[in-house]
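Listed below are the residues making up each chain.
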Amino acid sequence: MAKIKRGSYILVFLLFLALPVVMYPYLGNKVDKENFEKRQMAEKPKLSIENFTDFPSQYEAYFSDTLPFRNRMIALNNRIDHKLFRISSVAHVLVGSDGFLFYHPNGADGDPIGDYMGTTAYTDQEIKLIAHRLLRAQYDLEKDGRKFAVLIAPNKETMYAEQHLPGIRKENETSRADKLYEYLKTTDLNVTFPKDELNEVMKTHPDWYTYYKTDTHWNSIGAYVGTSLVMEKLGLPIRGIEEVRVIEKQRAPGDLAYMLGMTETLPNDVDYNIVDTSAPAAIRKDASFGDGDTMVRYTNMSGNGKTLLVVRDSFAVFMMPYFNSHFSECYYIHMSAYNPGMIEEYDPDYVVYETVERYIEGAKNFYVK
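## Re the side chain of Thr120
- Position of Thr120 among the secondary structure elements: in the loop between helix H4 (112-117) and helix H5 (124-143).
- Only 2.6 Å separates the side chain of Thr120 from the side chain of Asp115, close enough to count as a polar contact.
- A polar contact of 3.4 Å, which involves the side chain of Thr120, links it to the side chain of Arg176.
- What Thr120 contacts, discounting residues up to four positions off in sequence, is Asp111, Gly114, Asp115 and Arg176.

## Description of a negative patch on the surface
- On the surface, Asp196, Glu197, Glu200, Glu232, Glu242 and Glu243 cluster together into a negatively charged patch.
- Looking at the negative patch, the element that brings in the most residues is helix H8 (residues 195-204), giving 3 residues.
- When you line up the elements, Glu243 lands in the loop between helix H9 (220-233) and strand E5 (245-251).
- The exposed category is assigned to Glu243, whose relative accessible area is 51%.

## Regarding the packing of H8 against H9
- Running from N to C, H8 and H9 cross one another at 135°; their axes reach a closest spacing of 10 Å. Between H8 and H9, the angle falls in the class oblique. For the pair H8 and H9, the sense of crossing is right-handed. Note on element contacts: H9 touches H8 through Ile221, Gly222, Val225 and Leu229, opposite Glu197, Leu198 and Val201.
- Per-class residue counts for the contact of H8 with H9 are 5 nonpolar, 1 polar and 1 charged.

## A word on the packing of aromatic side chains
- All chains considered together, the criterion is met by 19 aromatic pairs.
- Their ring planes at 40° and their centres at 4.5 Å tell us that Tyr353 and Phe366 sit as a pair that is tilted. Separated by 13 residues along the polypeptide, Tyr353 in strand E11 (residues 350-356) and Phe366 in the segment after E11 bring together distant segments of the chain. In this pair, the class of Tyr353 matches that of Phe366, namely buried.
- One aromatic cluster in this structure is built from Phe100, Phe102, Tyr160, Tyr209, Tyr211, Trp218 and Phe315.
- Here the basic side chain of Lys156 rests over the ring of Phe102, its NZ or CZ set 5.3 Å away from the ring centre.
- One cation-aromatic arrangement involves Arg251 over Tyr212; the distance from NZ or CZ to the ring centre is 3.9 Å.

About the criteria used
- By convention here, each chain's residues receive numbers from 1 onward along its written sequence.
- Thresholds applied to this predicted model are a pLDDT of at least 70 for local features of residues and 80 or more for the giving and counting of side-chain atom pairs; totals over whole chains, interfaces and linings are not thresholded and use all residues.
- Excluding hydrogens and water, the side-chain figures rest on all heavy atoms present in the structure.
- The secondary structure listing takes helices from DSSP runs of H or I that are at least 4 residues long and strands from runs of E that are at least 2 residues long, numbered from the N terminus.
- In the analysis that follows, any N or O atom pair within 3.5 Å is treated as a polar contact, provided that within protein one partner can donate a hydrogen and the other can accept it, and provided that, for residues neighboring in sequence, both atoms belong to side chains.
- In what follows, residue pairs with any heavy atoms lying within 4.5 Å of each other are defined as contacts.
- Patch members must show over 30% relative accessible area and no salt bridge, and they are joined within 9 Å when carrying like charges or within 5 Å when they are nonpolar side chains of Val, Leu, Ile, Met, Phe, Trp or Tyr.
- Only the protein chains shown count as cover for residues, and all accessible areas are computed by the Shrake-Rupley method using a 1.4 Å probe.
- A pairing counts as a salt bridge when a side-chain nitrogen of Lys or Arg comes within 4 Å of a carboxyl oxygen of Asp or Glu.
- Neither His nor the chain termini are counted; the positive set is Lys and Arg, and the negative set is Asp and Glu.
- By convention, the point assigned to a charge is CZ for Arg, NZ for Lys, CD for Glu and CG for Asp.
- Working definition: with a 1.4 Å probe on protein chains only, accessible area under 20% of the residue-type maximum means buried, over 50% means exposed, and in between means partly exposed.
- Axes here mean lines fitted to C-alpha atoms, for a helix over just the part in contact, with angles spanning 0 to 180 degrees between N-to-C directions.
- When describing relative orientation, an angle under 35 degrees is termed roughly parallel and one over 145 degrees roughly antiparallel, while 65 to 115 degrees is termed roughly perpendicular and anything else oblique.
- For a crossing to be left-handed, the near helix must be turned anticlockwise from the far one by less than a right angle; the clockwise case is right-handed.
- In this classification, Asp, Glu, Lys and Arg are treated as charged, Ala, Val, Leu, Ile, Met, Phe, Trp, Tyr, Cys and Pro as nonpolar, and every other residue, Gly included, as polar.
- When two rings of Phe, Tyr or Trp (its six-membered ring) have centres within 6.5 Å they constitute a pair, described as stacked for plane angles under 30 degrees, edge-to-face for angles over 60, and tilted for the intermediate range.
- Whether a charge sits over a ring depends on NZ of Lys or CZ of Arg being within 6 Å of the ring centre and within 35 degrees of the ring normal.

And the structure:
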């Protein structure tokens, strides 16, 4: 009897192991197969003399990446870890307090946690090179009658880690962005790093957020503050955040929830509508321009008659509505698609170089001619 019972347990266990493989041919087209991990999945290897010794590990990697119902199982594991243990099963996502998630690519996509801790650094030579490139761009643009400004958007971790990641301690109170910004302020560069301004908004309005809880980016309030500071640098001041109407709304969970595979289970994020009645707009997206992603063009029939070009990363996406409402024509060119010839081609009156804090060193390779 004991042998039969033991055999039954083994049989049930084997059935559980086989069930996903048996069901997948029938249900596989109904389940989520998207790659949430920001990496290239392993391809099915072909056995040959050259890869004979490596074939078992290559096939194991392929099988792991194509396991039936893989995303569902990962999401379930992440949900259990998040709900019960307040931890993340994904190495590059950290779980903070009050529903906050933080990005920790550990150098693979910048190092926002290292930036916050003060463990990353630029050499004096790197700081001078970044300053030289940006100042040269400003000189060349101004020589042609164009205005130029630089925006360094703070990492989310810079703004919220101290409050919501208490286990992460600073080793240096001055970050590399702080050091760079202090140097840039001694030059003639039109630059803003709105860490202090965002902190002031958070202090004045403790019920407002300036970044999404489940996303790496700033929200509408953060983006509006950044936009207003850039406009001031360009000599085109607009109403500050205290002078516009801020209406809270909900938004689906963001990219960090996506990385965890938990967009369906985490609560909606907080966002805001920013209403400025002084800036009427008739905005249209030019569907014939670029790819609609890395290269985007907007027109505004009620704009100021001027053209803006923004060389950007993803943080500028959240600034687009506010730039669009003031300029007659706006070009948004991702850094990966930008080339210096675009300045002459699009002939902007104003040029903005926008970069998030963790990508600042990309400015070493920024040219306008």
